[in-house]
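Spelled out from the first residue to the last, the chains are:
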Amino acid sequence: MTPSAPAYRRLSVEERRSQLLEAALSLFAHRAPEDVSLDDVAEVAGVSRPLVYRYFPGGKQQLYEAALRSAAEELQYCFDEPRVGPTPPRLARALDRYLAFVDEHDAGFSALLQGGSVVETSRTTAIVDGVRRTAAEHILSHLRATDPGPRLRMTVRTWITAVEAASLIWLDEGKQPPAQELRDWLVEQFFAMLTVTARRDARTAAIVAALSSPDA
């Protein structure tokens with residue numbers, strides 16, 4: 001007897017949408033958004049172009065924004081580290097996840113942060129800015145900064161900008177130095193920035209003093 005072919009399983013609406021988003025993310029991870037077409041997404045997903053339009057009637061713009069939101073959710077979790085143990089190792093683990101994301105999404109990450117994409121809008125900019133703000137809130141939480149002043153908030157947000165810039169340069173430099181060295185340098189840079197801010201801000205000085213204790 002000839003073995004029967006596996007039964008075709010019809011995907012649910014949510015499963016199909018997730019499949020298309022996964023296909024789009026795999027393309028946006030390695031190409032600038034303007035270099036990805038709906039035909040490319042359909043080919044990777046193994047579906048027809050009209051089917052992609054059925055789920056994303058707004059075309060590539062809608063698909064890109066949906067894929068960007070999906071990537072943003074993943075990035076936001078990078079800094080969601082349990083508040084247990086000393087702060088520097090916690091920050092290092094968060095950066096490990098962040099740099100792994102950068103490594104995996106490569107060209108797409110560069111296109112996203114450098115801007116200039118033909119599909120960039122105020123909505124996509126807001127999505128990216130939301131990731132930055134969420135990361136800042138996580139870091140302030142790691143510092144146990146319940147009432148951070150403007151200087152401390154500025155320090156944290158400036159460091160996040162530095163992390164993004166360093167990540168882009170890291171990609172441009174062929175991912176050198178190794179990710180672990182980059183991570184350690186960024187952690188050291190963060191605490192150096194805190195120390196400088198502490199000289200001018202009593203709230204930050206109290207946090208730096210607390211971080212010097214064995215349980216920090």
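This text goes with the structure placed above it.
So, a few notes on the structure that sits alongside this text.

What counts and how
For every chain, the first residue of the written sequence is number 1, and numbering continues from 1 onward in sequence order. With pLDDT at 70 or above as the cut-off, local features in this predicted model cover only qualifying residues; side-chain atom pairs require 80 or more to be listed or tallied, and sums for whole chains, interfaces and linings still use all residues. In computing side-chain values, all of the structure's heavy atoms are included and hydrogens and water are not. Counting from the N terminus, the helices are DSSP H or I runs at least four residues long and the strands are E runs at least two residues long. When a residue's accessible area, from a 1.4 Å probe over protein chains only, is under 20% of the maximum for its type it is buried; when over 50% it is exposed; and in between it is partly exposed. Contacts between residues were defined by any pair of non-hydrogen atoms, one from each residue, lying within 4.5 Å. When two rings of Phe, Tyr or Trp (its six-membered ring) have centres within 6.5 Å they constitute a pair, described as stacked for plane angles under 30 degrees, edge-to-face for angles over 60, and tilted for the intermediate range. Convention adopted: a line fitted to C-alpha atoms gives each axis, helices being fitted over their contacting stretch, and angles between N-to-C directions are expressed from 0 to 180 degrees. By the definition adopted for this analysis, an angle is roughly parallel if under 35 degrees, roughly antiparallel if over 145, roughly perpendicular if from 65 to 115, and oblique otherwise. Should the near helix be turned anticlockwise from the far one by less than a right angle, the crossing is left-handed, and should it be turned clockwise, the crossing is right-handed. Each residue is assigned to one class: nonpolar for Ala, Val, Leu, Ile, Met, Phe, Trp, Tyr, Cys and Pro, charged for Asp, Glu, Lys and Arg, and polar for all the others, Gly among them. Just to be clear on terms, a salt bridge is a Lys or Arg side-chain nitrogen sitting within 4 Å of an Asp or Glu carboxyl oxygen. By definition here, a helix of n residues has an expected span of 1.5 Å times n minus one.

Here we take up the overall build of the chain. When helices and strands are tallied, the chain shows 9 helices and 0 strands. For the chain, the α and β elements follow one another from N to C terminus as α-α-α-α-α-α-α-α-α. Looking at the chain residue by residue over its 216 residues, the buried ones come to 44%. Long-range contacts, defined as pairs at least 24 residues apart, comprise 67% of the intrachain contacts of the chain with a sequence gap of at least 6.

Counting across every chain of the model gives 3 aromatic pairs. Centre to centre, the rings of Phe79 and Tyr98 are 5.9 Å apart; their planes meet at 55°, and the pair counts as tilted. Taken together, the residues span a long stretch of sequence, with Phe79 in the loop between helix 4 (60-78) and helix 5 (87-114) and Tyr98 in helix 5 at a distance of 19 residues. We classify Phe79 as buried; its relative accessible area is 4%. Their ring planes at 55° and their centres at 4.8 Å tell us that Trp159 and Phe190 sit as a pair that is tilted. Taken together, the residues span a long stretch of sequence, with Trp159 in helix 7 (residues 150-172) and Phe190 in helix 8 (residues 179-198) at a distance of 31 residues. As far as the burial class goes, Trp159 and Phe190 line up, both buried.

With their axes 8 Å apart at the nearest point, helix 8 and helix 9 (residues 202-211) run at an angle of 135° to one another. Between helix 8 and helix 9, the interaxial angle falls into the category oblique. For helix 8 against helix 9, the interelement crossing comes out left-handed. Contact residues: helix 8 offers Phe191, Leu194, Thr195, Thr197 and Ala198, while helix 9 offers Thr204, Ala205, Val208 and Leu211. Tallied by class, the residues present in the contact of helix 8 with helix 9 amount to 6 nonpolar, 3 polar and no charged.

Under the definition given, this model contains 11 salt bridges. A salt bridge links Arg183 to Asp184, with the nearest nitrogen and oxygen atoms 2.9 Å apart. Of the residues examined, Asp184 reaches a relative accessible area of 34% and is grouped as partly exposed. It is possible to trace a salt-bridge network through shared partners that takes in Glu81, Arg93 and Arg97.

The next subject is helix 6 (residues 122-142). Given a rise of 1.5 Å per residue, 21 residues ought to cover 30 Å, and the 30 Å separating the end C-alpha atoms of helix 6 matches this to within 8%. Listing the buried residues of helix 6 in full gives Thr124, Ile127, Val128, Val131, Ala135, Ala136, His138, Ile139, Leu140 and His142. Directly after helix 6, the chain includes Arg144, whose backbone phi takes a positive value near 60°.

With that out of the way, let us pick up the environment of Lys175. With respect to the helices, strands and loops of the structure, Lys175 is situated in the loop between helix 7 and helix 8. Exposure remark for Lys175: the relative accessible area of 24% places this residue in the partly exposed category.

At their nearest, the axes of helix 6 and helix 7 sit 10 Å apart, and the two run at 125° to each other. Considering the angle they form, helix 6 stands oblique to helix 7. Both helix 6 and helix 7 take part in a crossing whose hand is right-handed. Between helix 6, through Arg132, Arg133, Ala135, Ala136, Ile139 and Leu140, and helix 7, the contact on the second element is made entirely by Leu152, Arg153, Val156, Arg157, Trp159, Ile160 and Glu164. In terms of residue class, the contact of helix 6 with helix 7 is built from 8 nonpolar, no polar and 5 charged.

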